[in-house]
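Listed here are the chains, written in short residue letters.
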Amino acid sequence: MSQASDYLELKILDHIVGKTSFTMPTAYVALLTSAPSDADTGSTITEANYTGYARVSTAGADWNAAAAGAISNANDITFGECTGGSSNCTHFAIVDAASAGNMLAYGTLDTAMNVVTGVTPKFAGGTPGGLQVTMA
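Asker: Kindly report on the pattern of salt bridges, identifying the contributing residues and their values.
Answerer: Per the counting criterion, the structure on display carries two salt bridges. As a salt-bridge pair, Glu47 and Arg55 come within 2.7 Å of each other at their nearest N and O atoms. The exposure class assigned to Arg55 is buried, which follows from its relative accessible area of 9%. Here Asp76 ties to Lys122 by a salt bridge, and the two come within 3.5 Å at their closest N and O atoms. Placement of the pair is Asp76 in the loop between strand S4 (70–72) and strand S5 (77–78) and Lys122 in strand S8 (residues 122–123), with a sequence separation of 46 residues. On the basis of relative accessibility, which here comes to 43%, the residue Asp76 falls in the partly exposed class. On the basis of relative accessibility, which here comes to 44%, the residue Lys122 falls in the partly exposed class.

Dropping the structure here:
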């Protein structure tokens, strides 16, 4: 199950009543080592910190069409290989910048990723993909 951040909820509400438009962001996927809260931002989430880690930028074509309140990745989302250190990733976030920025949505991984040297974390693409974001 995933959730929208407070930031995204307010942007959507302002947008649907015509108060202000919400510009489509570039979506980056982040791996987290602890649970975020609705109030977190792209600067306050606790991300993986293994050597080689960086958020992964995605485009619209990387995602399947949303259906039944959910969207999943159509193409693989592959993070950098761990070349040192380690991270036990338990959550993910969708953010709007390569660093800092705003958190848009987040969720718990079905299975934690224990990233150690030589491991390349990946969400396999497909229908459905390995990363699913739901709105309930």
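Still more to cover.
Asker: Can you tell me about the pairing of strand S7 (residues 103–115), naming the residues and giving the values?
Answerer: With three bridges joining them, strand S1 (residues 2–4) and S7 adopt antiparallel strand pairing. What sits directly across from Ser2, in S7, is Gly107. Of the pairings in the sheet, the one linking strand S6 (residues 87–95) to S7 comprises eight bridges and is antiparallel in character. By the bridge assignment for S7, Ala93 is matched with Tyr106.

Asker: Run through the environment of Ser86, naming residues and quoting values.
Answerer: With respect to the helices and strands, Ser86 occurs in the loop between S5 and S6. Here the alpha-carbon distance between Ser86 and Asn114, two residues 28 residues apart in the chain, equals 7.5 Å. In this structure Ser86 touches Asn49, Tyr50, Val115 and Val116, once residues within four positions along its chain are discounted.

Asker: Kindly report on the state of the cysteines, identifying the contributing residues and their values.
Answerer: Here a disulfide denotes one covalent bond, and it connects the sulfur atoms of two cysteines. According to the stated counting rule, one finds zero disulfides in the structure shown. The closest cysteine sulfur to the non-disulfide-bonded Cys82 is located on Cys89, 9.4 Å from its own sulfur.

Cut-offs used in this document
For every chain, the first residue of its written sequence is number 1, and the numbers climb from 1 along that sequence. Two thresholds apply to this predicted model, a pLDDT of at least 70 for residue-level local features and 80 or more for giving and counting side-chain atom pairs, whereas whole-chain, interface and lining totals are computed over all residues. Values reported for side chains reflect all heavy atoms of the structure, with hydrogen atoms and water molecules removed beforehand. Take a side-chain nitrogen of Lys or Arg and a carboxyl oxygen of Asp or Glu: if they are within 4 Å of each other, that pair is a salt bridge. Burial status follows relative accessibility: with a 1.4 Å probe on protein chains alone, a residue under 20% of its type maximum counts as buried, one over 50% as exposed, and anything between as partly exposed. Starting at the N terminus, helices and strands are each numbered in turn, a helix being any DSSP run of H or I of at least four residues and a strand any DSSP run of E of at least two. Any two strands between which DSSP finds at least two bridges are classified as paired. The contact criterion used throughout is that any non-hydrogen atoms of two residues lie within 4.5 Å. Pairs of cysteine sulfur atoms within 2.5 Å are what we label disulfides.

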